[in-house]
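Chain by chain, the residues:
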Amino acid sequence: MIKLEGVEKIYRTKEIETLALSNVNLHIDKGEFVSIMGPSGCGKSTLLNIIGLLDNPSAGKIEIMGQEVENLSDAAQADFRNHNISFVFQSFHLIPSLNVAENVALPLIYRKGISASDRKKRVEEVLERLGLSHRLRHLPAQLSGGQCQRVAIARALVGDPKIILADEPTGNLDSKMGTEVMHLLHELNRHDGRTIVMVTHNEEQARSTDRIIRFFDGRIVS
Amino acid sequence: MNYFKQILFELRERPLITWITIAGTALSLFLLMAVYMNDNVNTVSTPPESRRADIMLAPFVHVKNDHGESSGSMNRNLAEKLYTGIDGVSSISYIAPWSESKIVSLDGKNFQTLKEKKVDAAFWQIYDYDFVSGSPFSQSEVDARVNEVILSESSARLLGKGEDLTGRDILVDNVPHKVKGIVRDPHPLLSNTWSEMWTAWTEDESSQWSDENGSTGVIILLSPDADPNSIKKEVERRYEVFNAQSAAENKKLIYHGSPFTYREQTLSFGSNTAPDSKSANIRKYLFYAVLLILPAINLSGMTRSRLRRRISEIGVRRAYGATRSRIISQLIGENFLLTLIGGILGLIACVIFTLFFSNLFINYVDVWNATALQAAARPTFEMLFSWKIFFVALFFCFILNIISTGIPAWKASRVNPAEAISGKNS
Ligand SMILES: Nc1ncnc2c1ncn2[C@@H]1O[C@H](COP(=O)(O)OP(=O)(O)OP(=O)(O)O)[C@@H](O)[C@H]1O
Ligand SMILES: [Mg+2]
């Protein structure tokens, strides 16, 4: 499903070069729930960004769902993301000027060939599934952190992607909300068969997933 | 719809910078439209000058001979030689291009000083005066030099004190003239048609002071599809014919581009120079460019700072599949709405200002030759505002928006989504 070969990422600023990823080789199978752990600054987010086509590697090959993606044009990458990959962030990143329904609809807005009524139906279905039907018209500022993350998960779900990338999805939540979000992710993995890659600092959460990849200084150590 | 929501959101969340952006746009539209509207007042079509776009004016001739040079109004014979029977001219009027003051009374007791224009019959066809009573004089009356006069409504009221003067005789400089008709007062800013009375007139020998100079000016009404430039070409050709014939006498007419359109006429010039509409246009466009670019630079700074706060939003949109061009068009669309709000406020302010206060700052007429009434006159709403003005304002808004938003939006669309989301770029 996800295949990285010899991936390297160097950040160049005026003064310094940072080797954020060095020779990363990684296979993740379809339907796997993988967690990535490691100390701060070791390159976890960088890896997730590269898998999610949000950033390009400095070297190496990336194959996602059998397609080589690192050399696609910007528009083709955007389209690929739109159909196949979605994201859950630590700080939710809902758009503050849009209400819950509009935030959730975002991936469908950027997808060609979906009618407004279709869009509305799918948004309502997803929000129903996540128990947010009564919050349709609320703005993000009017929701709790846990609700925000559920809205973000609804947004990650609405386009029916095969891959979900979650960067410390429970990092900003209390443990009760965190558990709830983990439950949700597990359900999306087991019930829907979606492939999930999650960065976490929580040992217990990591152990509940299929596999733990440990990172240190831009390398996989186990 | 979503553009509108975004703007409401910003007004709520970041009121200061959003209102400053709107106010800045309003101010620049105000300045732009003040210049444009005041320029437009001189060429806008409004009764009795409804056909301004089709009217051309030839008030002067410039002659050079052994004795020197002279320029000014034309001898009637020369005027006919140069302007009669041109293709594409539907009507031609020979008038005296200067106004005079006359002492007028109904009964020889109540004397009034009135501005007089000397005109012929065609004058009343070219300009669409609104006759309250009576009718224009006919060409046969003009040719027979019948003493006839048409009064403005307010002159008639002044002289008649409530009596209907149509058909009555009044004294103009002690000579009896019959009142042929009464017209509604033209607006004082319409200097080609405004007067207090109009007398039937055709040039006689007493006012011809050379074979070329006299007291006649020409007004031409073009046929609907005629081209002003081809009229000019024909007149210039006639100048050349005249000069070829007069070469033996060492006499020469100097061509300055007549007849002139209204636009050309507004560029102040004397009887012996050509209106330089080319450099006037360049100056005008430069002026507009400065008025557009300076505020646009300011606005683009504000757009940039508003967009900085939305970098992570842009990153998220990119993550979920928005292409760069989609981001650009969204940002430009949102900002166009903002520009439009400011622009409409600025336009409204400009119309109100020009309607009520412009005469404190702007002289629409040549103050040296104008009456107090003309000098104090302000344009009417109809002269200032039209759909054309609205679309010009819309166009200015559009350009302003492209200049002020284009580059910030383009830059915002280029940020790396990963960095935008993590906030490393802000
Ligand atoms: N845009 C960037 N420009 C320069 N250096 C960067 C950039 N992004 C990340 N880095 C550097 O790359 C390295 C890896 O960063 P990354 O964000 O992937 O770490 P992380 O493992 O996600 O850390 P954390 O657990 O704190 O989120 C760090 O040294 C970081 O400083
Ligand atoms: Mg990280």
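Residues numbered from 1 in each chain as written. Chains lettered and ligands numbered in written order. Predicted model: local features only at pLDDT ≥ 70, side-chain atom pairs only at ≥ 80, totals over all residues. Heavy atoms only, no water.

Caption draft 1: The arrangement of the domain arrangement of chain B in detail. All names here are of chain B. Taken as a whole, chain B is organised into domain 1 (3-42 + 278-422), domain 2 (52-95 + 207-265) and domain 3 (100-202). On the side of domain 3, 7 residues touch domain 1, which itself brings 12 residues to the contact. A buried area of about 750 Å², summed over both sides, lies between domain 1 and domain 3, and 79% of it is on carbon and sulfur atoms. Linking domain 1 with domain 3 are 0 salt bridges. Between domain 1 and domain 3 we count 1 residue pair in polar contact (both at pLDDT 80 or more) in total. (Domains from an automatic or database assignment. Contact = heavy atoms within 4.5 Å. Buried area = accessible area lost by both parts, 1.4 Å probe. Salt bridge = Lys/Arg side-chain N within 4 Å of Asp/Glu carboxyl O. Polar contact = N/O pair within 3.5 Å; in protein donor to acceptor, adjacent residues only side chain to side chain.)

Caption draft 2: Examining the packing of helix H9 (residues 277-308) of chain B against helix H14 (residues 387-414) of chain B more closely. Residue and element names in this part refer to chain B. Two elements in contact, H9 and H14, have axes separated by 8 Å at closest approach and are oriented at 40 degrees. At the point where H9 passes H14, the crossing takes the right-handed sense. Between H9, through Tyr-288, Leu-292, Ile-293, Pro-295, Ala-296, Leu-299, Ser-300, Thr-303, Arg-304 and Leu-307, and H14, the contact on the second element is made entirely by Phe-396, Ile-399, Leu-400, Ile-403, Ser-404, Thr-405, Pro-408, Ala-409 and Ala-412. A breakdown of the residues in the contact of H9 with H14 according to their chemical character gives 14 nonpolar, 4 polar and 1 charged. (Axes fitted to C-alpha atoms, helices over the stretch in contact; angles between N-to-C directions. Helix = DSSP H or I, 4+ residues; strand = E, 2+ residues; numbered from the N terminus. Left-handed = near helix turned anticlockwise from the far one by under 90°. Nonpolar A, V, L, I, M, F, W, Y, C, P; charged D, E, K, R; others polar.)

Caption draft 3: Region of the structure containing the environment of Lys120(A). Residue and element names in this part refer to chain A. With respect to the element layout, Lys-120 can be found in helix H4 (residues 116-129). For Lys-120, a relative accessible area of 51% puts it in the exposed group. Separated by 19 residues in sequence, Lys-120 and Ala-101 have C-alpha atoms that sit 8.3 Å apart. (Buried < 20%, exposed > 50% of the residue type's maximum accessible area, 1.4 Å probe, protein only.)

Caption draft 4: The arrangement of the interface of chain B and chain A in detail. In this assembly, 22 residues from chain B lie in contact with 25 residues from chain A. When the two sides are added together, the surface that chain B and chain A hide from each other amounts to roughly 2200 Å², 57% of it contributed by carbon and sulfur. Taken together, the connections running from chain B to chain A amount to 3 salt bridges. Across the salt bridge formed by Arg324(B) and Asp74(A), the nearest N and O atoms sit 3.6 Å from each other. Our enumeration of links across chain B and chain A arrives at 11 residue pairs in polar contact (both at pLDDT 80 or more). When contributions to the side of chain B that touches chain A are tallied by element, the ones reaching two or more residues are helix H1 (2-13), helix H10 (311-319), helix H11 (324-356) and helix H15 (417-422) of chain B. Take the side of chain B that touches chain A: its biggest share by element is 6 residues, from H10(B). Taken together, the residues that form the side of chain B that touches chain A break down as 8 nonpolar, 7 polar and 7 charged.

Caption draft 5: Structural detail: the sheet that holds strand E6 (residues 85-88) of chain A. Residues and elements named next belong to chain A. In spatial order, the strands read E6-E7-E8-E3-E9-E10; together these 6 strands make up an open sheet with mixed pairing. Strand pairing shows two members of the sheet lacking a second neighbour, E6 and strand E10 (219-220), which therefore form its edges. Strand direction decides the pairing type here: strand E3 (residues 33-37) and strand E9 (residues 211-216), joined by 4 bridges, are parallel. From the neighbouring strand, Ile-36 faces E9, where its bridge partner is Ile-213. Helix H1 (residues 44-51) contacts E3, E6, strand E7 (163-167), strand E8 (195-199) and E9 of the sheet and is inclined by roughly 155 degrees relative to E7. Seen against the sheet, helix H6 (residues 175-190) touches E3, E7 and E8 and runs at an angle of roughly 150 degrees to E8. (Pairing = 2+ DSSP bridges.)

Caption draft 6: Seen up close, the environment of Gln330(B). Mapped onto the fold, Gln330(B) is located in helix H11. Distance from Gln330(B) to Tyr3(B), taken between C-alpha atoms, is 7.9 Å for residues 327 residues apart in sequence. The residues contacting Gln330(B), other than those within four sequence positions of it, are Tyr110(A), Tyr3(B), Arg310(B), Glu313(B) and Arg317(B).

Caption draft 7: Fine view of the sheet that holds strand E2 (residues 17-28) of chain A. Residues and elements named next belong to chain A. Reading across from one edge, E2-E1-E4-E5 is the order of the 4 strands in this open sheet, with antiparallel pairing throughout. The open sheet has two edge strands, E2 and strand E5 (67-68), and neither has a second partner. One ladder, built from 2 bridges, connects strand E4 (residues 59-64) with E5; its direction is antiparallel. Note on E5: the bridge partner recorded for Glu-63 is Glu-68.

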